[in-house]
Amino acid sequence: MSTLKMKEAALIYLDRSGGLQKFIDDCKYYNDSKQSYAVYRFNILINPSDVVELDAELGNHILHQPLKAAQVFQSVCFIAVKTLSLIGQLQTENQINIVLKLTHLPPLPSYSLDLCEFPLDYTSQRFYMIQGIVIAMTTVTKYTQGARFLCSDEACPLSKGFQYIRVHVPGATESATVRNDFLCDLCSSALEEDRKFRVLGDKQIVEIITSQALHAFQGYSNNQPFRFQSLTIFLRDESVNKMNIGNEYKIIGIPTCVKTSQTSVCIEANNITFCNPKVPSGISDHFRCLLSLTSSSCWKFTAILANIFASQIVPPGSYNLLKLCLLMSLVQTSDRNKDLEDCLDILIITSDALLVDRLLNFSINLVPRGIRHPVSTEIFPTLSRNKYGTGAVSIQAGSALLAKDGICFIGDLASHKKDKLEQLQSVMESRSITVYIPGKKFGDDIDQQMTFPVQCSFWSFVDMDSSSRKNMQKPNTLIGQMDCSLIPANLVEAFGLLINCNESSPCHPFLPTVQHTLKKAIDPEGLLYVASKQFTTEDFEKLLAFAKNLKVEFSLEAERIIHGYYLASRRIRTDSVYGSKLSASALKYLVSLSEAHARLNLRNKVIKEDALIAALLFETSLTLKYGATVFCVAPNAVFPFELYDEEYLEQRDIYLTQCQQQLLQFIATYGPGTTIFASDE
């Protein structure tokens, strides 16, 4: 009686939810097909909440005994086929393969699997929800959905018909579905597969890790040892190619234990949902107050941010130019518009690699996907053999794909070999990486290739203080130019910003840094400055998370300045022999810099003041690469004074206003076809 009641509830649910009509449509497809089938596969979408309200026992079966629940729906569907004459060729109930697709699970702890907790439950054969980031995936291969077996004894009644049907169930290996040692229940003769009725499906294997495991890639351990382990996800049929490397997903599935060369726990995926990052509602009260106090200026807020940023690593007022650029790069790490290439890559020339390394490592920890590339691993995807022996090739993510919508800090460029640097340059120019899969090497007949978008910003530095580099440096022939001959010229050009941080540059006051280092050595955990107490690391995390999700648009005036500066700069840096020194990506970087400064100011519109900062930063970078031009920008143009108090901020605003007039004059003189309107026009 209990089973009959559940069947009635299942039929009512199918009718109310529209599932019955979809089932009828699927049956029509099978019935109209000229192909003969041994197994008829149907997906049924299940909303557990609706089922529980209709019939608690059926809902309980779906959540905790899904294989038995599938048998209930299988019986209902078979009766429907026979009653309504939906599929003429169908003979037995075994031929119907029902796959229950759950829309969600109850938001209760008992339905979630935490990858940080061991052991994982793989014995209950029920649904769980698990969340993780894809770090590896295989190519798509085939598996057996279902097969027909016949008794080998022709005198046996079961040597005909569709009595012996085997279908794949969660956790089953290929040998569990198809092998040669099955026996007939009636006469004990061996069963033989009727191969022309074998049904194949698509299969893909994915590995995920919990987002908490990213701490292992951020150079951050909080002095506490920890370990993490990836979990294998099996995707089948409709779920194949639904997951991408680097993305985070919520997966509903059934944990199982797979025994290959080693026993491991895996998940048979049932439903996959992409995880959208949480958007914070606002910023801290301290930053809100600071924004209000500086509202009269378009430059003061970001100047103060840069001044006080990372005061745990360097004293306030030092490395302001670098810190401003880092903050601007950090706010460009969102996936607001995947068609817009708004990454900001930064290359730093420094004589204090240790301090710069600490500053960059501190900064990447402020965003969810800040990845410090381990030298012993690969930046870009690599190939390996799949450990489950399915014949598929496993593609391992690499640091760049793992840093999706974030920062990939690759350390000192000198630590990478020439071929890796060439690959880095190619990726930074195209923002994609193509993986070639040789068929012969991995047991396939044909070669394959897969292309992955690279959606992260790259940070790196070059230590000019090493003895080998000091001896190799050449004297500069142009005013403002740095000797970058140790770095491939095309690679330098691929980085959007080139920043000089050495003892003689304004962004590196020497004495305060020494005092800071000595104090931190005495009291590593101490907060040495008032700014460190007022504006905490958590405050900066909230600020960046809020700012990077702002949608910004260009004002007409800012757009004209950016295009005008680009055309003028391109014109004066073009010669008849080598052509233009500005790459095609220069305009993209100018746009990205302008957007970043607007976001850091928590504005939704890019204005002319943002365009000025973008032009000054970009021109400073160009000067380091190629030398100064008629638009002569000082190395400390963005921070011409040390920011002690309000008076110095006012002086900086006056200086930047003068720079703006010089920029407009430069555009008017060297930018053909551009029109710059004064504010009153």
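The structure this text deals with has already been given above.
Being a predicted model, the structure only gives us computed values, none of them experimental. (Residues numbered from 1 in each chain as written. Predicted model: local features only at pLDDT ≥ 70, side-chain atom pairs only at ≥ 80, totals over all residues. Heavy atoms only, no water.)

1. Some thoughts on the environment of Pro106
Point 1. Following the sequence through the fold, Pro106 ends up in the loop between strand S2 (96-102) and strand S3 (128-138).
Point 2. Between the alpha carbons of Pro106 and Leu63 there is a distance of 9.2 Å; along the sequence they are 43 residues apart.
Point 3. Residue contacts for Pro106: discarding those within four places in its chain leaves Leu63 and Tyr111. (Helix = DSSP H or I, 4+ residues; strand = E, 2+ residues; numbered from the N terminus. Contact = heavy atoms within 4.5 Å.)

2. A short note on the environment of Ile44
Point 1. Note on placement: Ile44 falls in strand S1 (residues 40-46).
Point 2. Ile44 sits in the buried class, given a relative accessible area of 6%.
Point 3. Considering only alpha carbons, one finds Ile44 and Gly18, 26 residues apart in sequence, at a separation of 10.0 Å.
Point 4. Setting aside chain neighbours within four positions, we find Ile44 in contact with Leu14, Phe73, Cys77, Ile98, Val99, Leu100 and Lys101. (Buried < 20%, exposed > 50% of the residue type's maximum accessible area, 1.4 Å probe, protein only.)

3. Section: the packing of aromatic side chains
Point 1. Under the criterion given, the structure shown has 20 aromatic pairs.
Point 2. Ring geometry for Tyr30 and Tyr37: centres 5.0 Å apart, planes at 80 degrees, overall edge-to-face. Across the pair, Tyr37 and Tyr30 agree in class, each one buried.
Point 3. With a centroid separation of 5.3 Å and an interplanar angle of 85 degrees, the aromatic rings of Phe149 and Phe182 are classed as edge-to-face. With Phe149 in strand S4 (residues 141-151) and Phe182 in the loop between helix H6 (174-177) and strand S6 (191-193), the pair connects residues that are 33 residues apart, well separated along the chain.
Point 4. Given a relative accessible area of 10%, Phe182 falls into the buried group.
Point 5. Counting every residue linked through ring pairs, the aromatic cluster contains Phe23, Tyr29, Tyr30, Tyr37, Tyr40 and Phe42.
Point 6. If you follow Arg148 out to its NZ or CZ, it ends over the ring of Phe162, 4.2 Å from the centre.
Point 7. Sitting above the plane of the Phe639 ring, Arg652 keeps its charged end 4.7 Å from the centroid. (Phe/Tyr/Trp six-rings, centres within 6.5 Å; stacked < 30°, edge-to-face > 60°. Lys NZ or Arg CZ within 6 Å of the ring centre and 35° of its normal.)

4. Things to note about unusual backbone geometry
Point 1. For Ser188, which is not glycine, the phi torsion reads 65 degrees and is therefore positive.
Point 2. Summarising the element assignment, Ser188 is placed in the loop between H6 and S6.
Point 3. Given a relative accessible area of 52%, Ser188 falls into the exposed group.
Point 4. Phi is positive for Asp405, close to 60 degrees, though the residue is something other than glycine.
Point 5. Mapped onto the elements, Asp405 comes out in the loop between helix H11 (398-402) and strand S15 (406-412).

5. Overview of the side chain of Asn97
Point 1. Inspection of the secondary structure assignment puts Asn97 in strand S2.
Point 2. The class of Asn97 is buried, set by a relative accessible area of 10%.
Point 3. Every residue in contact with Asn97, bar those within four places of it in the chain, is listed here: Val39, Tyr40, Arg41, Phe42 and Val167.

6. A short note on the pattern of salt bridges
Point 1. If you walk through the whole model with that rule in mind, you get 21 salt bridges.
Point 2. Close ionic contact of Glu193 with Arg198 constitutes a salt bridge, the shortest N to O distance being 2.6 Å.
Point 3. Judged by its relative accessible area of 18%, Glu193 is buried.
Point 4. Between Lys404 and Asp405 there is a salt bridge, with its nearest N and O atoms 2.8 Å apart.
Point 5. With relative accessibility at 8%, the residue Lys404 sits in the buried group.
Point 6. Since its relative accessible area comes to 17%, Asp405 is described here as buried.
Point 7. Put simply, Arg41, Asp237 and Glu238 are held in one network by salt bridges that share partners. (Salt bridge = Lys/Arg side-chain N within 4 Å of Asp/Glu carboxyl O.)

7. Some words on the sheet that holds S15
Point 1. Pairing in this open sheet of five strands is parallel, and the strands run S12-S15-S18-S11-S19 from one edge to the other. Unpaired on one side and paired on the other, strand S12 (370-372) and strand S19 (497-501) mark the two borders of the sheet. Strand-to-strand twist in this sheet, taken as the mean axis angle between neighbours without regard to direction, amounts to 20 degrees.
Point 2. Of the pairings in the sheet, the one linking strand S11 (residues 346-350) to S19 comprises five bridges and is parallel in character. Looking across to S19, one finds that Leu347 is bridged to Leu498. (Pairing = 2+ DSSP bridges. Axes fitted to C-alpha atoms, helices over the stretch in contact; angles between N-to-C directions.)

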